[in-house]
Amino acid sequence: MQVQMKVNGKSVSVDAAPNTLLVNALREHLKLTGTHVGCDTAQCGACTVHVNGRAVKSCNMLTAQAQGAEVTTIEGLAHADGTMHPMQAAFKECHGLQCGFCTTGMVMSAVDIATPRPANSKFANCSKAICAVAPVTKTLSKPCSRVLLP
Amino acid sequence: MGASDFSKLPHIGESLRRKEDYRFLTGAGNYTDDIRLDNMTHAVFVRSPHAHANIKSVNKAKALAAPGVVAVLDGPDVVDAKINGLPCGWLITDTSGKPMNEPPHPILANGKVRYVGDHVAMVVAETLEQAKNAAELVEVEYDVLPAVVDVRHAKKATALHAEAPNNHCYNWAIGDKAGVDAAFAGAAHVTKLDLINNRLAPNPMEPRAAIGSYNRASDEYTLYVSNQNPHVERLLMTAFVLGLPEHKVRVIAPDVGGGFGAKIYLYAEDVCLTWASKKLNRNIKWNCDRSEAFLSDAHGRDHSSHAELALDKDGKFLALRVHTDANLGAYLSTFSTCVPTILYATLLAGQYATPQVYVEVDAWFTNTAPVDAYRGAGRPEATYLLERIVSRAAWELGMTQDAIRSKNFITQFPYQTPVALQYDTGDFHALMNHANKLGDVAGFPARKAASAAKGKLRGIGYSSYIEACGLAPSNVAGALGARAGLFECGEVRVHPTGSVTVFTGSHSHGQGHETTFAQVVAARLGIPVENVDIVHGDTGRVPFGMGTYGSRSISVGGSAIMRALDKIEAKAKKIAAHLMEAGDADIDFANGEFSVKGTDKKIPFGTVALTAYVPHNYPLDKLEPGLNETAFYDPTNFTFPAGTYICEVEIDPETGVTKIDKFTAVDDFGTIINPMIVEGQVHGGLVQGIGQALMEHCVYDKETGQLLTGSFMDYTMPRADDFPVFAIGHECTPCTTNPLGTKGCGEAGAIGSPPSVINAVLDALAPLGVKDFDMPATPHRVWEAIQSAKH
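Note that the structure is a prediction, hence the values are computed from the model and not measured. (Residues numbered from 1 in each chain as written. Chains lettered and ligands numbered in written order. Predicted model: local features only at pLDDT ≥ 70, side-chain atom pairs only at ≥ 80, totals over all residues.)

1. Looking at the sheet that holds strand β2 (residues 53-59) of chain B
Strand pairing within a sheet occurs via backbone hydrogen bonds; the two strands may be parallel or antiparallel.
All names here are of chain B.
Thought 1: Overall, antiparallel pairing links the 3 strands, which are arranged β4-β2-β6 in an open sheet. Of all strands in the sheet, those bounded by a partner on one side alone are β4 (112-113) and β6 (139-144).
Thought 2: As paired strands, β2 and β4 are joined by 2 bridges and run antiparallel to one another. Bridge pairing links A53 to V113 in β4. (Pairing = 2+ DSSP bridges. Helix = DSSP H or I, 4+ residues; strand = E, 2+ residues; numbered from the N terminus.)

2. Brief notes about the sheet that holds strand β15 (residues 356-364) of chain B
All names here are of chain B.
Thought 1: Read across the sheet, 5 strands follow the order β7-β15-β14-β13-β8 without closing on themselves; strand pairing throughout is mixed. In the strand order of this sheet, the two ends are held by β7 (168-175) and β8 (189-197), each with one partner. Here the average twist between neighbouring strands, direction ignored, is 10°.
Thought 2: Where β8 and strand β13 (residues 303-311) come together, 9 bridges link them in antiparallel fashion. Note that in β13 the partner of V190 across the bridge is A310.
Thought 3: Each of β8, β13 and β14 (317-327) touches helix α10 (residues 379-397); the most contacted strand, β8, lies at about 140° to it. (Axes fitted to C-alpha atoms, helices over the stretch in contact; angles between N-to-C directions. Contact = placed C-beta atoms within 7 Å.)

3. Here we look at the domain arrangement of chain A
Residues and elements named next belong to chain A.
Thought 1: Looking at the assigned domains, one finds that chain A contains domain 1 (2-75) and domain 2 (86-140).
Thought 2: Tallying the contact residues gives 14 residues for domain 1 and 8 residues for domain 2.
Thought 3: Elements with a minimum of two residues in the side of domain 1 that touches domain 2: β3 (48-51) and β4 (54-57).
Thought 4: In terms of residues, the side of domain 1 that touches domain 2 owes the most to one element, β3, which gives 3 residues.
Thought 5: Class assignment of the residues belonging to the side of domain 1 that touches domain 2 gives a composition of 6 nonpolar, 7 polar and 1 charged. (Domains from an automatic or database assignment. Nonpolar A, V, L, I, M, F, W, Y, C, P; charged D, E, K, R; others polar.)

4. Focus on the domain arrangement of chain B
A common way to report how large an interface is uses the accessible area buried once the components associate.
Residue and element names in this part refer to chain B.
Thought 1: When the domains of chain B are assigned, the result is domain 1 (3-29 + 487-633), domain 2 (32-145 + 207-256 + 263-296) and domain 3 (303-472 + 637-790).
Thought 2: On the side of domain 2, 14 residues touch domain 1, which itself brings 14 residues to the contact.
Thought 3: Within the side of domain 1 that touches domain 2, the residues separate by chemical class into 3 nonpolar, 10 polar and 1 charged.

5. Concerning the pairing of strand β20 (residues 500-504) of chain B
Residues and elements named next belong to chain B.
Thought 1: For β20, a buried count of 4 out of 5 residues is recorded, marking the element as mostly surrounded by other parts of the structure.
Thought 2: Here strand β19 (residues 488-494) pairs with β20 via 5 bridges, running antiparallel. Across the sheet, the residue bridging to V492 is V502, located in β20.
Thought 3: Linkage of β19 to β20, two consecutive antiparallel strands, is achieved through a turn of 5 residues, within which G498 is found at a positive phi near 95°.
Thought 4: With 4 bridges joining them, β20 and strand β21 (residues 532-535) adopt parallel strand pairing. Considered in β21, the bridge of F503 is made with V535.
Thought 5: For the segment spanning β20, helix α15 (residues 513-525) and β21, crossover handedness is right-handed. (Buried ≥ 20, exposed ≤ 12 C-beta atoms within 10 Å, placed from the backbone. Right-handed = clockwise from strand over helix to strand, strands pointing away.)

6. Points about the packing of helix α18 (residues 675-694) of chain B against helix α19 (residues 748-765) of chain B
Pairs of packed helices are described in terms of their axes, by the angle between the two and the distance that separates them.
All names here are of chain B.
Thought 1: With their axes 7 Å apart at the nearest point, α18 and α19 run at an angle of 40° to one another. On the basis of the axis angle, α18 is oblique to α19. Note that α18 runs across α19; the crossing there is right-handed. Two secondary-structure elements touch here, α18 through V682, G684, G685, L686, Q688, G689, I690, Q692, A693 and L694 and α19 through A748, G749, A750, I751, G752, S753, P754, V757 and I758.
Thought 2: Classifying every residue of the contact of α18 with α19 gives 11 nonpolar, 8 polar and no charged. (Parallel < 35°, antiparallel > 145°, perpendicular 65-115°, else oblique. Left-handed = near helix turned anticlockwise from the far one by under 90°.)

7. A few points about the interface of chain B and chain A
Thought 1: Counting from both sides, the interface comprises 40 residues of chain B and, opposite them, 41 residues of chain A.
Thought 2: For the side of chain B that touches chain A, the secondary-structure elements that each account for two or more residues are α2 (21-25), α9 (290-296) and α18 of chain B.
Thought 3: Broken down by element, the residue count for the side of chain B that touches chain A peaks at 6 residues, all from α18(B).
Thought 4: In the side of chain B that touches chain A, the residues fall into 16 nonpolar, 14 polar and 10 charged.

8. Describing the nonpolar core
Residue and element names in this part refer to chain B.
Thought 1: In this structure, V123, L348, V521 and V761 are the most contacted members of the largest nonpolar core, which totals 288 residues.
Thought 2: Residue contributions to this core peak at 11 residues, all from helix α16 (residues 553-579).
Thought 3: Excluding its chain neighbours within four sequence positions, the residues that come into contact with V761 are G459, V649, I651, T658, F773, A777 and V782. (Core = buried A, V, L, I, M, F, W, Y, C linked by C-beta atoms within 7 Å.)

9. Overview of the environment of B:R447
Thought 1: Structurally, the position occupied by B:R447 is in helix α13 (residues 444-453).
Thought 2: Overall, the presence of 16 C-beta atoms within 10 Å leaves B:R447 in the partly exposed class.

10. A short note on the confidence of the model for chain A
Thought 1: Here chain A shows a mean pLDDT of 85. Residues at 70 or above account for 79%.
Thought 2: Counted against residues more than four places away or in other chains, residues 124-143 of chain A, with its pLDDT under 50, gives 52 contacts. (pLDDT = per-residue confidence, 0-100.)

11. A few points about unusual backbone geometry
Thought 1: Geometrically, the link from B:L471 to B:A472 is a cis peptide bond, its omega value of -15° lying close to zero.
Thought 2: Here B:A472 shows up in the loop between β18 (457-466) and α14 (474-479).
Thought 3: A positive phi angle, close to 50°, is found at A:N52, a residue other than glycine.
Thought 4: With respect to the helices and strands, A:N52 occurs in the loop between β3 and β4.
Thought 5: Assessed through the 12 C-beta atoms surrounding it within 10 Å, A:N52 is described here as exposed.

12. Overview of the pairing of β15(B)
All names here are of chain B.
Thought 1: Judged by how many residues are buried, β15 sits mostly within the fold: 8 of 9 residues are covered.
Thought 2: Pairing of β7 with β15, which is carried by 7 bridges, proceeds in the antiparallel orientation. Its bridge partner being in β15, W172 is matched across the sheet by V361.

13. Details of helix α17 (residues 605-613) of chain B
All names here are of chain B.
Thought 1: Here α17 has its buried residues at F605, V608, A609, T611 and A612. Buried positions in α17, seen along its axis, are confined to an arc of 165° and lie on one side of it.
Thought 2: In this fold, the buried residues of α17 make contact with β19, α15, α16, β23 (593-596) and β24 (602-604). (Arc of directions from axis to C-beta.)

And the structure:
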């Protein structure tokens with residue numbers, strides 16, 4: 001089946017079997033291998049991407065469910081010139097990563113948590129993601145190559 | 001250059017941000033499953049659903065007829081191809097003088113399966129889905145046998161291997177038994193302890209993965225594999241299993257998402273993929289599912305021990321006597337046999353001047369996944385046992401946990417322990433004093449009272465660990481049964497424009513070598529760290545290497561690079577002497593400049609580098625052009641990181657929930673090159689060790705041998721919000737036996753923390769009458785302990 005979506009700002013059409021998970025469409029069809037698979041049970045969060053602006057575990061969603069959606073992966077987070085997003089820069093500055101495997105999912109989750117919206121009351125007073133960067137990276141990313149997202 | 005000069009170089013001890021982070025943070029890492037080759041097929045392994053069974057038949061017909069299937073290979077195919085079983089890299093000699101029982105470890109089961117997850121067949125198909133579907137169609141008839149999973153019952157269980165009567169692998173001992181027995185006979189007090197060190201699943205976040213590739217034109221194999229030591233992988237696979245010439249096999253371990261020991265070993269999957277890539281003339285990828293990883297990665301720990309500590313009336317240790325039953329699982333994994341012996345028993349002197357130690361180990365086969373080195377490998381088991389019995393002795397004698405330790409600390413170095421090791425240096429009192437201060441132990445009674453006012457139980461637990469890192473002097477390891485050398489190799493390639501590429505046999509899978517090693521080279525040569533790149537993980541690019549495990553990388557791999565830099569400096573001085581028309585002995589090198597002693601003549605490093613490659617004005621009659629040196633470094637001793645950890649827990653007696661409220665870790669890693677990276681390693685180790693103490697536990701069903709904890713939904717992994725902010729401190733007594741003064745920091749946290757947590761739990765529960773407790777301290781187990789103490 002054909003699924004149309006916008007991935008990292010580009011319109012794409014993916015020809016995928018109906019049982020194809022979003023993470024497989026991203027990794028296998030679109031060659032966006034920055035999103036990783038760390039478990040079979042939606043526990044680890046390594047595969048986290050943004051779908052319509054919210055963090056989603058892409059191993060837990062069918063590609064077909066992303067029809068018409070705007071998807072952002074880790075490859076779409078940095079600026080066009082390669083400059084890192086403030087959250088990526090904060091992970092580097094705070095040594096919030098080691099082996100890097102689940103890091104991409106951690107970064108996508110952290111960006112979501114730091115995005116001002118009512119549910120993120122802890123960061124309600126932040127007008128920009130950068131305000132929340134330091135506490136989020138400290139909290140989320142004990143660098144150990146082996147810790148799961150809370 | 002020696003350790004004291006090295007530690008004074010500019011930028012040593014600075015927390016440079018990591019060079020490797022950009023690619024990881026932008027999704028540009030290159031892990032094995034990210035690699036796409038043309039002509040790729042996908043492999044799925046048919047695994048045993050039974051813990052112990054004879055295979056009556058394997059019918060491949062339906063699977064072979066399924067869409068997209070390229071091949072189905074099983075045990076008889078392996079026998080036909082004359083492929084050997086997986087080798088064990090360490091021979092332990094039984095106390096009888098005979099070699100250990102060493103049964104075959106076939107890459108695909110040959111007539112019998114011995115644990116749930118054992119490899120029965122490999123299905124290769126055009127797509128992963130086709131391979132998965134076809135694997136379901138492989139019909140295997142089993143004759144199920146009784147299974148044993150508990151090491152304490154192995155002796156009387158149905159034998160797994162004809163070569164191992166009573167499921168026994170070896171009995172091994174170290175120390176002076178008669179001397180220990182005599183010391184016990186005269187002791188004023190004996191403390192006894194039975195304990196279990198719980199089995200763990202390593203769970204690197206990247207599951208294992210591999211791609212077998214064969215080039216018919218050049219008759220060359222390439223194996224991409226998520227592995228910690230590609231040269232060792234190649235050596236074992238070519239020389240012992242496949243009988244291939246080593247130069248025709250290239251092993252590439254690209255970005256690797258954590259290892260923790262589980263990726264040291266040569267696994268059946270790696271061999272199957274390499275073999276089949278030629279047989280089928282196709283590239284074959286296998287990517288392990290997490291549930292498959294739980295079944296098939298080598299597990300860690302799983303000891304059952306009885307320990308006795310003899311003390312005089314003042315709390316001085318007289319002797320330690322230990323017996324341990326070690327569970328090796330169903331087969332001997334690559335380094336399984338040295339973990340409960342060489343890497344365990346030799347550490348049981350700990351930080352203490354105990355005059356006599358005797359340790360006896362029985363190692364057993366059971367119907368469980370093979371057990372091998374896992375972050376710490378033997379030293380966590382030693383530390384857990386010793387630090388538990390020391391705290392228990394303190395409580396029995398009415399001493400504090402720090403007083404009994406301080407009373408028995410070794411203070412004179414070098415110190416020869418009664419269990420083979422010689423500690424070169426350390427300052428255990430400094431570590432204890434620092435930890436007591438950093439952890440505000442003086443304020444503990446007030447915090448305990450505050451907890452009590454809330455109805456909570458607060459406890460404090462100590463652990464003073466020492467570990468042996470920097471594996472290892474090859475001749476010593478060889479005398480102890482190692483079937484490999486344990487040196488490291490480093491090549492420093494200075495380019496004509498003065499930038500440098502370093503090729504190291506160490507492998508980084510999260511440790512930040514690309515930064516730390518570059519820092520070492522940049523400091524030595526006086527050039528910007530941006531001008532140094534580190535290459536690792538590819539037998540086609542790196543001359544040789546023994547890889548990364550046992551916290552050896554900086555001490556052994558870094559020392560090899562230092563030796564190569566010594567050669568670079570010596571040759572560069574000759575070139576500089578020629579250019580400045582001075583004698584070789586009159587040249588100094590500092591801050592990236594060569595100068596002539598007693599003059600103002602000087603030239604920068606870059607000029608010498610360029611001259612080496614454009615040798616117009618050059619002593620060609622005496623010196624080869626180029627500036628490229630390789631060194632092999634074999635350590636003369638182990639290194640001995642040590643530390644004192646203090647844990648404070650607060651337990652809710654109503655629910656059994658144990659919260660780590662405060663955790664203090666003071667370590668002596670010798671010279672520290674990048675404190676930020678070291679702190680990250682300590683954090684990771686602590687999280688892993690506290691994970692073992694509080695939540696992690698691999699559980700097999702006692703009757704069926706089924707793994708009950710086979711996913712992240714059943715096996716509790718530590719999460720960031722399970723921990724407080726750690727208080728981290730350092731003392732420094734530089735290692736005296738390597739040119740960096742470093743000791744290694746990768747495993748310390750996982751080694752030192754578990755006993756501190758359980759001692760804290762026991763301290764908290766002591767008023768309720770709880771005297772003993774085995775890991776993990778899950779709410780249910782803590783609650784049960786509280787309830788049974790009440791009745």
